[in-house]
Amino acid sequence: MSNGSDKNLLNGALIGCGFFARNQMQAWHDLEGARIVAVCDRASANVAAFQQDFGIDQGFTDAEALFEACALDFVDIAAPTPAHAELVEAAARHGVDVICQKPFAGSLEAARRLIELCSTQGVSLTIHENFRWQSAIREVVGLVADGVVGKPFFGRVSYRSGFDVFANQPYLAELPRFIIQDLGIHVLDIARALFGDVGRLSCETARINPDIKGEDTATMLLRHTAGTTCVVDCSYASILADDPFPQSLLEIEGPGGTIRLQQDFLLELHQPDGTRECRTVAPDWPAWSRQPWAVIQESVVSFQRDWLACRRAGHPAATHGADNFNTLSLVEAAYRAAETGQTVVPERWP
Ligand code: NAD
Ligand code: 89V
């Protein structure tokens, strides 16, 4: 927990006091070196609830008033995509470092403009892309980076569930673009963390649930520039007795072996001699976490811890704005590929 007398303590504000922001508030509370001094939401009831639940003195319903009143080191934006432009612009104008939730900005054009604005204003911009920070995913990313199976020729990043995400996040049912934009963005980012950037991509989608507007299954085929072919598949229409929500399962094949991250954090390493090493890489759950969300909640703490370390060291966090542009561009490419039936070359940050 933060210590109010520490001179190196960063003062932050959280904007958007909704469903997911509670995890971000809990994580800040767990971490040394930063504290949330103010919260802001358009809805005064949400401001009051966060002030009470997290003991925050200052509450605002207008972001401009927040920036005028508080001397902030950073802002953590947990408001939805349509609010990003206005809020990031205000933070940049006031010289405040920005963390912003995914999916960032709403379009590649808007993302580019905001990344450039933050750079011009000399503030850092980091997208709150937390799935690659899940400890089991990080373990596998580390094994691949260490060359444990050699240069991967095949990968699969798979997220399949029938969990009722609409109960906590009813707005998801209204999105004309649903699973790739909301969830696929995370699994595409895991594919980038494992295998690097993508040269071309194809995609098939379907809407299985008749009560929602967007697609709820997507199967994407990625050719990474370093040579790996990767299948990224996601579904919220899968009927599974042992539903793994919200775990991402991995498979990586290289000339030196195969890595599998199976359900419930079982990590397998298959060796060329036909043997297999197995171990469990279950996370250390935060005390406040609750199943089935704990795997995501743990990654929020890890993401924010890393952001703080990078901020102190003065270098960009892994999912800085320009990096995340290359994940966002895979989302755009996937929708274009699904619409046209063509293989698409994603845009890349220069
Ligand atoms: P939510 O609707 O529950 O909360 C959003 C809050 O933002 C609301 O209280 C709303 O009043 C407020 N808001 C909207 N515009 C605002 C503005 N201009 N100024 C101040 N407040 C404003 O939504 P949520 O489920 O908490 O999702 C929020 C964001 O978090 C979305 O972008 C979503 O994709 C993301 N999310 C991320 C993860 C993850 O694992 N990274 C998981 C769930 C949601
Ligand atoms: O992570 C997310 O963005 C969430 C969920 C896991 C429900 O898809 O919206």
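Read on for a plain summary of the structure.

The rules we used
Residues numbered from 1 in each chain as written. Chains lettered and ligands numbered in written order. Predicted model: local features only at pLDDT ≥ 70, side-chain atom pairs only at ≥ 80, totals over all residues. Heavy atoms only, no water. Near = heavy atom within 4 Å. Polar contact = N/O pair within 3.5 Å; in protein donor to acceptor, adjacent residues only side chain to side chain. Areas by Shrake-Rupley, 256 points an atom, 1.4 Å probe, with all protein chains shown as cover. Nonpolar A, V, L, I, M, F, W, Y, C, P; charged D, E, K, R; others polar. Disulfide = S-S within 2.5 Å. Helix = DSSP H or I, 4+ residues; strand = E, 2+ residues; numbered from the N terminus. Contact = heavy atoms within 4.5 Å. Buried < 20%, exposed > 50% of the residue type's maximum accessible area, 1.4 Å probe, protein only. Pairing = 2+ DSSP bridges. Right-handed = clockwise from strand over helix to strand, strands pointing away.

## Description of the site of ligand 1
Reasoning step 1: In the vicinity of ligand 1, 23 residues are found, and the nearest of them are F20, D41, N46, N130 and Y171.
Reasoning step 2: Contact distances for ligand 1 include 2.8 Å between an oxygen atom and a backbone N or O atom of K102.
Reasoning step 3: Between ligand 1 and N130, the relevant distance is 2.7 Å, taken from a nitrogen atom to a side-chain nitrogen or oxygen of the residue.
Reasoning step 4: When isolated, ligand 1 has an accessible area of 860 Å², and the protein chains bury 87% of it.
Reasoning step 5: By residue class, the composition of the shell around ligand 1 is 12 nonpolar, 7 polar and 4 charged.

## Overview of the state of the cysteines
Reasoning step 1: Inspection of every chain in the model, using the stated rule, returns 0 disulfides.
Reasoning step 2: Of the cysteine sulfurs around C230, a residue in no disulfide, the closest is that of C234, at 12 Å.

## Some details on the environment of A78
Reasoning step 1: Within the fold, A78 resides in the loop between strand 4 (74–77) and helix 4 (84–93).
Reasoning step 2: A C-alpha to C-alpha distance of 8.3 Å links A78 and Q24, two positions 54 residues apart in sequence.
Reasoning step 3: Apart from the residues lying within four places of it in its own chain, the contact partners of A78 are I15, G16, A21, Q24 and Q101.

## Regarding the pairing of strand 1 (residues 10–15)
Reasoning step 1: Burial of strand 1 is extensive: 6 of the 6 residues sit out of reach of the surface.
Reasoning step 2: One ladder, built from 6 bridges, connects strand 1 with strand 2 (residues 34–40); its direction is parallel. From the neighbouring strand, L14 faces strand 2, where its bridge partner is V39.
Reasoning step 3: Crossover handedness for the path strand 1 to helix 1 (residues 21–30) to strand 2: right-handed.
Reasoning step 4: Summarising the sheet, strand 1 and strand 4 pair through 4 bridges and their orientation is parallel. Opposite A13, over in strand 4, you have V75 as the bridge partner.

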